[in-house]
Amino acid sequence: MVLSVEQRCLTGFPERLVAFEVDQLERLEDSVYALDGYLRLAYVNQGWERFALENDGAEVLEQYPPGADVLSVCGPLRPFYETHFRHCLEHGTRWAHDYECPSPERYRRFHMDVYPLPRHGGLLIVNTRSVERPFDKGERPVRDPVESEYAQPNGLIVQCSHCRRVQRADRELQWDWIPAWVHEPPANTSGGLCRPCYGLHYPPPLD
Ligand SMILES: [Zn+2]
């Protein structure tokens, strides 16, 4: 591994994780991270580092050092996660959520468990891969990355932050699977949510 525990942790934060035993967290296959009381990144385990290196590369590790505003990665889902995380922090309650994180070739689903740390000191977030398999034939018809078919009038390409499909320019409700843009989104990509993902996974919070 590239970084030591100290390099992956806010100073003094391991003490807040005592109940979870940092040694154990380090050995997990799961991707684990912790947030402090301000929802800043406070710790990542080796599994998180490994997942980052396998997927988006080393720049993710540089972009999100301890103290970073890691929720910025959530794009349009930020208010959803922030609302639930703050609720866990304030009330000392647990929360769980399932989400997709497909690669260009494989369907992947993760289960997220959020545990409050003592005295509102932060959250521990464990991400377990629950499904990983190649896409079934015809499950996601592959489309080519043709910018003119997908660039919206404002010049942006909108990719669903959950399923990674891309919205067509001429049909608002049509979202297509473009593996080339999952592998490397164009610079003018913006995060959005397709209708099914919005309705199924991110319904507006109930009062
Ligand atoms: Zn979607």
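Residues numbered from 1 in each chain as written. Predicted model: local features only at pLDDT ≥ 70, side-chain atom pairs only at ≥ 80, totals over all residues. Heavy atoms only, no water.

Turning next to the environment of Y38. Assignment of secondary structure puts Y38 in the loop between β1 (31–36) and β2 (41–44). Judged by relative accessible area, Y38 falls into the exposed class, the value being 65%. A C-alpha to C-alpha distance of 29 Å links Y38 and G199, two positions 161 residues apart in sequence. (Helix = DSSP H or I, 4+ residues; strand = E, 2+ residues; numbered from the N terminus. Buried < 20%, exposed > 50% of the residue type's maximum accessible area, 1.4 Å probe, protein only.)

The subject of this paragraph is the pattern of salt bridges. In total, this model carries 15 salt bridges according to the counting rule given. The partner of R40 in a salt bridge is D36, with the nearest N and O atoms 2.8 Å apart. D36 sits in the buried class, given a relative accessible area of 3%. Among the salt bridges present, the one from E149 reaches R143, with a minimum N-O distance of 3.0 Å. For E149, a relative accessible area of 32% corresponds to the partly exposed category. (Salt bridge = Lys/Arg side-chain N within 4 Å of Asp/Glu carboxyl O.)

One non-glycine residue, R119, lies in positive phi territory at about 55°. Tracing the backbone shows R119 in the loop between β4 (106–116) and β5 (122–134). Phi at R164 is positive, roughly 70°, even though this residue is not glycine. As for its position among the elements, R164 is in the loop between β6 (157–160) and β7 (166–167). Residue R164 is classed as partly exposed on the basis of its relative accessible area, which comes to 24%.

The next point concerns the nonpolar core. Formed by 30 residues in total, the largest nonpolar core has its most connected members in Y33, Y81, F85 and M112. Among the elements of the structure, β1, β2, α2 (46–55), α3 (58–63), α4 (78–91), β3 (95–100), β4 and β5 are those that each provide at least two residues to this core. The contact partners of F85, leaving out residues within four places of it in the chain, are Y33, L35, L39, L71, W95, M112, V114, L123 and I125. The next biggest cluster of nonpolar side chains, apart from the first, holds 13 residues, and it includes V32, A34, L117 and L124. (Core = buried A, V, L, I, M, F, W, Y, C linked by side-chain atoms within 4.5 Å. Contact = heavy atoms within 4.5 Å.)

Further remarks concern the confidence of the model for the chain. Put simply, the chain has an average pLDDT of 92, and 97% of its residues get 70 or more. Looking across the chain, the model is least confident in α3, with a mean pLDDT of 79, and most confident in β7, with 98. (pLDDT = per-residue confidence, 0-100.)

A few words now on the layout of surface pockets. Here the second largest pocket is characterised by a volume of approximately 150 Å³. What lines the second largest pocket is E29, D30, S31, G47, R50, F51, E54, F110, N127, T128 and R129. Residue assignment for the lining of the second largest pocket shows that the elements contributing at least two residues are α2 and β5. (1 Å grid on protein atoms, 1.4 Å probe; cavity = no way out; pocket = protein on both sides within 12 Å on 5 of 7 lines; lining within 4 Å. Points joined across faces, edges and corners; volume = space filled by probe spheres on them.)

Okay, the pairing of β1 next. Burial analysis of β1 places six of its six residues in the buried class, which makes it a mostly covered element. On β1, burial covers both faces: S31, Y33 and L35 on one face and V32, A34 and D36 on the other are all buried. The pairing of β1 with β5 spans six bridges and is antiparallel. The residue bridging D36 from the neighbouring strand is G122, located in β5. Taken together, the three bridges between β1 and β2 define a ladder with antiparallel strand orientation. Each bridged residue has a counterpart across the sheet, and for A34 the counterpart in β2 is Y43. (Pairing = 2+ DSSP bridges.)

Along its sequence, the chain is organised into domain 1 (6–134) and domain 2 (147–201). Averaged C-alpha coordinates put domain 1 and domain 2 at centres separated by 25 Å. Opposite the 13 residues of domain 1 that make contact, domain 2 presents 12 residues. Buried area between domain 1 and domain 2, both sides added, is near 930 Å², and the carbon and sulfur share of it is 63%. Considering only the surface of domain 1 that becomes buried against domain 2, E100, P102 and P104 emerge as the three largest contributors, covering 49% of it. Along the contact surface separating domain 1 from domain 2 lie zero salt bridges. (Domains from an automatic or database assignment. Buried area = accessible area lost by both parts, 1.4 Å probe.)

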